[in-house]
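Structure assessment
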Amino acid sequence: MSQKRDPQDSCILVTGGAGFIGSHTVVELLEKDYQVVIVDDLSNASEKVLDRIDAIVGEERAARLSFYRADVGDRDALEAIFDDNQIDAVIHFAGYKAVGESVKKPIEYYGNNIGSTLALVDVMREHGCKSIIFSSSATVYGDPDSLPLTEASPKKACTNPYGWTKWMIEQILSDLHTADPEWNVVLLRYFNPIGAHPTGLMGEDPKGIPNNLLPYVAQVAVGKRESVHVFGSDYDTPDGTGVRDYIHVMDLASGHAAALAWMGGRTGVEIFNLGTGKGTSVLQIIEAFSSACGRELPYVLEPRRAGDVTANYADCSKARDEMGWEARFGIDEMCRDSWKWQSNNPNGYEG
Ligand code: UFG
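Now for a quick tour of the structure. (Residues numbered from 1 in each chain as written. Predicted model: local features only at pLDDT ≥ 70, side-chain atom pairs only at ≥ 80, totals over all residues. Heavy atoms only, no water.)

1. Points about the packing of helix 1 (residues 20–31) against helix 2 (residues 48–57)
For any two helices packed against each other, one specifies the crossing angle of their axes together with the interaxial distance. Let me state the cut-off plainly: Throughout, an axis means a line fitted to C-alpha atoms (over the contacting stretch in the case of helices), and angles, computed between N-to-C directions, take values from 0 to 180 degrees. Counting from the N terminus, the helices are the DSSP runs of H or I reaching at least four residues and the strands are the DSSP runs of E reaching at least two. Roughly parallel covers angles under 35 degrees, roughly antiparallel covers those over 145, roughly perpendicular covers 65 to 115, and oblique covers all other angles. Crossing handedness is defined as follows: a turn of the near helix away from the far one that is anticlockwise and smaller than a right angle gives a left-handed crossing, while the clockwise case is right-handed. In this description, contact between two residues means that some pair of their heavy atoms is separated by no more than 4.5 Å. Side-chain classes are defined by residue name, with Ala, Val, Leu, Ile, Met, Phe, Trp, Tyr, Cys and Pro counting as nonpolar, Asp, Glu, Lys and Arg as charged, and the others, Gly among them, as polar.
For the pair helix 1 and helix 2, the least separation of the axes is 10 Å and the interaxial angle reads 30°. When the interaxial angle is binned, helix 1 and helix 2 end up roughly parallel. Like other packed secondary-structure pairs, helix 1 and helix 2 cross with a definite hand, here right-handed. Counted together, Ser-23, Val-26, Val-27, Leu-30 and Glu-31 of helix 1 and Val-49, Ile-53, Ile-56 and Val-57 of helix 2 form the full contact between these two elements. Classifying every residue of the contact of helix 1 with helix 2 by side-chain character gives 7 nonpolar, 1 polar and 1 charged.

2. Things to note about the packing of aromatic side chains
The description of an aromatic ring pair rests on the distance of the ring centres and on the angle between the ring planes. For clarity, the cut-off: Here a Phe, Tyr or Trp ring, Trp counted by its six-membered ring, pairs with any other such ring whose centre lies within 6.5 Å, and the pair is stacked when the planes are under 30 degrees apart, edge-to-face when over 60, and tilted otherwise. Only protein chains enter the accessibility calculation, which uses a 1.4 Å probe. A residue is then buried if its area is under 20% of the maximum for its type, exposed if over 50%, and partly exposed in between.
This structure, assessed with the given rule, holds 6 aromatic pairs. Judged by centre distance (6.3 Å) and plane angle (85°), the ring pair of Phe-289 and Trp-339 falls under edge-to-face. Of the two residues, Phe-289 is situated in helix 10 (residues 282–293) and Trp-339 in helix 12 (residues 331–344); the sequence distance between them amounts to 50 residues. By relative accessible area, Phe-289 is classed as buried at 0%.

3. Notes on the sheet that holds strand 1 (residues 11–15)
How we decide: One requirement defines pairing of two strands: DSSP has to find at least two bridges between them.
Taking strand neighbours across the sheet as the criterion, the 7 strands line up as 3-2-1-4-5-6-11 in an open arrangement whose pairing is parallel. A strand with exactly one partner marks an edge of an open sheet, and here the two such strands are strand 3 (65–69) and strand 11 (268–274). Adjacent strand axes in the sheet meet at a mean angle of 20° when their direction is disregarded. One ladder, built from 5 bridges, connects strand 2 (residues 35–40) with strand 3; its direction is parallel. Bridge pairing links Ile-38 to Phe-67 in strand 3. Its contacts with the sheet put helix 1 on strand 1, strand 2, strand 3, strand 4 (89–92) and strand 6 (184–190), and the angle it makes with strand 2 is roughly 165°.

4. Brief notes about the site of the ligand
To keep things clear, this is the line we draw: The criterion for a residue being near a molecule or strand is simple. One of its heavy atoms has to lie within 4 Å of it. Two N or O atoms count as a polar contact when they lie within 3.5 Å, although within protein this holds only if one can serve as hydrogen donor and the other as acceptor, and sequence-adjacent residues are included solely when both atoms are side-chain atoms. Here, Shrake-Rupley sampling with a 1.4 Å probe gives the accessible areas, and only protein chains in the shown set may cover a residue.
Within the structure, the ligand sits among 18 residues, and Asn-212, His-229, Arg-244, Arg-305 and Asp-308 are positioned closest to it. A distance of 2.7 Å separates an oxygen atom of the ligand from a polar atom in the side chain of Arg-244. With respect to the ligand, the side chain of Arg-305 contributes an N or O atom lying 2.8 Å from an oxygen atom. Its free accessible area being 680 Å², the ligand has 90% of it covered by the protein chains. The element that contributes the greatest number of residues to the shell around the ligand is strand 8 (residues 228–231), accounting for 3 residues. Of the residues that constitute the shell around the ligand, the class distribution is 7 nonpolar, 8 polar and 3 charged.

5. A word on the nonpolar core
So the rule is basically this: By nonpolar core is meant a set of buried Ala, Val, Leu, Ile, Met, Phe, Trp, Tyr and Cys residues that side-chain atoms within 4.5 Å join together.
Core analysis: the biggest nonpolar cluster contains 46 residues, and Leu-29, Val-36, Leu-260, Leu-274 and Met-323 have the highest contact counts within it. The element contributing the most residues to this core is helix 9 (residues 249–263), with 8 residues. Membership of the second largest hydrophobic core comes to 27 residues, among which are Ala-70, Val-121, Leu-176 and Trp-183.

6. Here we look at the pattern of salt bridges
Which entries qualify depends on this criterion: By definition here, a salt bridge exists when the distance from a side-chain nitrogen of Lys or Arg to a carboxyl oxygen of Asp or Glu is within 4 Å.
Scanning the entire structure with this criterion turns up 20 salt bridges. With its nearest N and O atoms 2.2 Å apart, the salt bridge here joins Arg-5 to Asp-88. Taken together, the positions of Arg-5 in the segment before strand 1 and Asp-88 in the loop between helix 4 (75–84) and strand 4 put the pair 83 residues apart, joining distant regions of the chain. Overall, Arg-5 belongs to the partly exposed group, its relative accessible area being 38%. Take Asp-88: its relative accessible area is 9%, and that puts it in the buried class. Taking the shortest distance from any N to any O, the salt bridge between Glu-101 and Lys-105 comes out at 3.8 Å.

7. Here's the deal with the environment of Ala-258
By secondary structure assignment, the location of Ala-258 is in helix 9. With a relative accessible area of 14%, Ala-258 lands in the buried category. In this structure the C-alpha to C-alpha distance between Ala-258 and Ser-137, which are 121 residues apart in sequence, comes to 18 Å. For Ala-258, the residues in contact, after removing those within four places along its chain, are Met-323 and Trp-325.

Interpretation in functional terms is not warranted from these geometric data alone.
Pasting the structure below:
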């Protein structure tokens, strides 16, 4: 938003708004009285999430939400959305996100993630909307030289096409601002998003065998899988397992609202880490989830997974000092809410 506006007078387009982080952010925005438009092709999300959003925010706020089922790479569909709505800013979540799949399908990943971003910013430009928040990832830091990671830590080589798409889209959006300084770009680098809405109505709903640790652990807890496979127990960490900075999806959602409020009236390119600043090992996660679900979860130690770094965690002081944002939840709350979601919806939204 090149001008500062009250949330009631602002309309935010959320691409991928039916997905895991997108849906929680949409709830946060509606609760802050923004008008919200979701565009999502539902290729990796369920339409049922829309009912859950409505149930959480209530009828009055739900009336400020509209949904378009479309692919962000579909220019004609995007044009129609921008013609129908006076969009002030875009939060761009939509994209393929499976690390392993990206190694097998590089053309699809580069084509989809980069192609849709180019279509989006081109249509935004045509409609005079030059404010964008992009879902980036700590993956752009590669294998870190030192911890914690600050926004000034170097971007390094990624280990997979998914990571490179994040890396490249950051560059594309920065170049856009160089060419036209009216652009207002915020790159949010997420660490490891987990957790669920505390009501248990919304959460992560991966298709097939989960690639990420938390959804896998949650499926073991609910009895859908036998035991957790711990990838690597010989890392140079206190217990030998990989360390990550897990962040509650509710905190990520509030991070987007903080970024929107912060960017009003500004131009430029700004990067913020969104994490908690604390590292947690795989075994600590299994222990915390075991407490949350009231049963010792079985696990087996396996070799390291290719492409994994030993440890990463964020320095989040920039987001605190600039935007007044800080993560509020710890690992116990993240596991409690994940468990509530998983136990209430053992088969996700389709259950
Ligand atoms: N792990 C296991 N068993 C599993 C899955 C994961 O032990 O079944 C371990 C991993 O080895 C790692 C940790 O759990 O040590 C976290 O792994 P995740 O797959 O949950 O997350 P990653 O840190 O590998 O990846 C996440 C996001 C990516 C993003 C990256 C940025 O999923 O999108 O963080 O650092 F690129």
